[in-house]
Amino acid sequence: PPYPNGWYRLLDSAQLPRGAARSLALLGEQLAVFRTWDGQAYVVDAYCPHLGANLAAGGRVVGNCIECPFHGWQFRGEDGKCTHIPYAEKVPDFARVRTWPSCEVNGMLLFWYHCEGVGPTWAVPEQREIATKEWVFRGRTEHFVDAHIQEIPENAADMAHLAFLHGPAILGGSDLRYTRSKLWDFMKHIWKAEWQPEPEPNEHCSLLLLQHTATVFGKHVSLMDLKVSARQVGPGLVFLIFEHAFLGRGVILQTVTPLEPLLQNVVHKIYYQKNIPAIIPKFILRAECIQFERDITIWNNKRYLPKPLLVREDSSIQKHRRWYAQFYSEKSTRLPAQKEGLDW
């Protein structure tokens with residue numbers, strides 16, 4: 001199925017000022033997102049049930065409602081009920097637009113998607129240091145990936161690709177034709193990794209512990225020692241916590257949102273200790289970006305194999321697939337299988 005159940009980032013809080021409405025197309029849904037003048041954000045179906053106008057394309061925010069640009073019908077954000085029709089004496093009780101559960105955490109607006117309409121079964125964790133402003137925003141990257149959403153987190157359980165794809169120095173960039181060039185051979189990244197699903201009540205989470213060291217001309221460079229814990233929360237959120245002996249701590253928030261079955265919007269935002277010069281987190285984000293773009297080349301050009309040919313050392317990949325399967329349900333949308341030929 002192309003769309004797992006879970007929380008997904010719609011946009012950054014800063015992208016939705018008070019009184020603004022935005023139209024978004026993702027996970028096979030067309031949504032209207034708006035912020036009332038008192039600061040509360042709501043997510044509703046984009047199309048007005050009256051005659052189908054898009055509420056966010058020219059619609060206004062009035063009080064705690066969004067007003068349709070076509071006939072002025074007003075729909076309340078919290079329950080979707082129509083509260084006012086300018087030319088009608090009475091508003092029918094059944095006049096309403098569908099609302100979606102949403103939350104604002106860590107400077108992002110997220111919404112809950114479930115193919116069967118089941119409400120949220122877990123909450124998005126708040127990163128305490130972002131809430132208390134101990135860690136400050138130091139940059140973001142945005143990528144579009146032509147692959148199924150499950151391909152991206154599955155990397156966490158694929159230990160063998162770390163040495164081969166991410167071992168060559170970041171100096172070699174992200175073009176896979178040149179990353180293994182002899183020119184950069186003097187430097188190597190060494191990764192030690194361990195992936196595990198978390199026990200109840202956090203069975204929707206998994207944890208990848210990474211230890212990064214680097215060598216230059218075969219000598220260990222302790223300045224590059226880094227501990228990373230990558231906590232996957234549901235199908236589309238990852239908290240990458242960085243710890244460095246004297247360059248401090250921070251987090252990269254990775255969000256993956258399916259725009260189409262095989263098109264993912266991936267955003268990385270870094271928050272870091274405010275007493276550390278901004279160049280440090282910006283360098284970390286840049287290094288992460290180079291490594292991520294190496295993965296993108298693979299994802300954009302691979303196919304998903306339901307029965308991959310694995311060796312014993314790949315056992316955690318099957319373990320990851322069993323863990324990730326919890327985000328699909330009986331009624332998850334499935335794409336019709338493509339038939340050979342031109343029968344359409």
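Everything numeric in this text was worked out from a predicted model, so none of it was measured.

Calculation criteria
Residues numbered from 1 in each chain as written. Predicted model: local features only at pLDDT ≥ 70, side-chain atom pairs only at ≥ 80, totals over all residues. Heavy atoms only, no water. Helix = DSSP H or I, 4+ residues; strand = E, 2+ residues; numbered from the N terminus. Buried < 20%, exposed > 50% of the residue type's maximum accessible area, 1.4 Å probe, protein only. Contact = heavy atoms within 4.5 Å. Areas by Shrake-Rupley, 256 points an atom, 1.4 Å probe, with all protein chains shown as cover. UniProt positions renumbered as here; feature names shortened; annotations may be inferred. Pairing = 2+ DSSP bridges. Domains from an automatic or database assignment. Buried area = accessible area lost by both parts, 1.4 Å probe. Salt bridge = Lys/Arg side-chain N within 4 Å of Asp/Glu carboxyl O. Polar contact = N/O pair within 3.5 Å; in protein donor to acceptor, adjacent residues only side chain to side chain. Phe/Tyr/Trp six-rings, centres within 6.5 Å; stacked < 30°, edge-to-face > 60°. Lys NZ or Arg CZ within 6 Å of the ring centre and 35° of its normal.

*Asks:* Is there a simple way to explain the overall build of the protein chain in this structure?
*Replies:* When helices and strands are tallied, the protein chain shows five helices and 19 strands. If you line up the protein chain on its principal axes, its C-alpha atoms span 80 × 60 × 40 Å. Burial status across the protein chain gives 49% buried among its 344 residues. Considering only contacts in the protein chain between residues 6 or more positions apart, those separated by 24 or more positions represent 55%. Total accessible area on the protein chain is roughly 17900 Å²; 56% of this is exposed by carbon and sulfur atoms.

*Asks:* Before we go on, may I ask you to explain the UniProt feature "domain: Rieske" (unreviewed entry) in the protein chain in this structure?
*Replies:* Mapped onto this numbering, the UniProt entry annotates "domain: Rieske" (unreviewed entry) at residues 8–111. Across residues 8–111, helical content stands at 0% and strand content at 43%; the span's end C-alpha atoms are separated by 6 Å.

*Asks:* Honestly, the pairing of strand β16 (residues 226–233) in this entry has me stumped. Any pointers?
*Replies:* By the bridge criterion, eight bridges tie strand β14 (residues 205–216) to β16 in an arrangement that is antiparallel. The residue of β16 that forms the bridge with Leu 208 is Ala 230. Relative to strand β17 (residues 237–244), β16 runs antiparallel, the two being bridged by seven bridges. Residue Val 233 lies in a different strand from β17, and its bridge partner there is Leu 237. Remark: three residues form the turn of the hairpin made by β16 and β17, two consecutive strands paired antiparallel; Gly 234 in that turn has positive phi of roughly 70°.

*Asks:* What's the story with the domain arrangement of the protein chain in this structure? I'm lost.
*Replies:* For interface size, the figure often reported is the accessible area lost on association. By the assigned domains, the protein chain splits into domain 1 (6–113) and domain 2 (128–324). Here the C-alpha centre of domain 2 lies 35 Å away from the C-alpha centre of domain 1. Between domain 1 and domain 2 lies a buried interface of about 1100 Å² when both sides are counted; carbon and sulfur atoms form 58% of it. Per-residue buried area on domain 1 facing domain 2 is highest for Tyr 8, Arg 9 and Asn 106; these three make up 50% of the total on that side. Put simply, domain 1 and domain 2 have two salt bridges between them. When the shortest N-O distance is used, the salt bridge between Arg 140 and Asp 12 registers 3.1 Å. Our enumeration of links across domain 1 and domain 2 arrives at four residue pairs in polar contact (both at pLDDT 80 or more).

*Asks:* It is not clear to me how the packing of aromatic side chains should be interpreted in this structure. Could you clarify?
*Replies:* Both the distance between ring centres and the angle between the ring planes are used here to describe each pair of aromatic rings. Counted by the stated rule, this structure contains 15 aromatic pairs. With a centroid separation of 5.3 Å and 80° between ring planes, the pair formed by Tyr 324 and Phe 327 is classed as edge-to-face. In this structure, Tyr 324 and Phe 327 share a single accessibility class: buried. Taken together through their ring pairs, the aromatic side chains of Trp 195, Trp 323, Tyr 324, Phe 327 and Tyr 328 make up a single cluster. The ring of Trp 100 has Arg 98 sitting right over it, with the charged end atom 3.7 Å from the ring centre. The side chain of Arg 180 reaches across the aromatic face of Phe 164, ending 4.1 Å from its centre.

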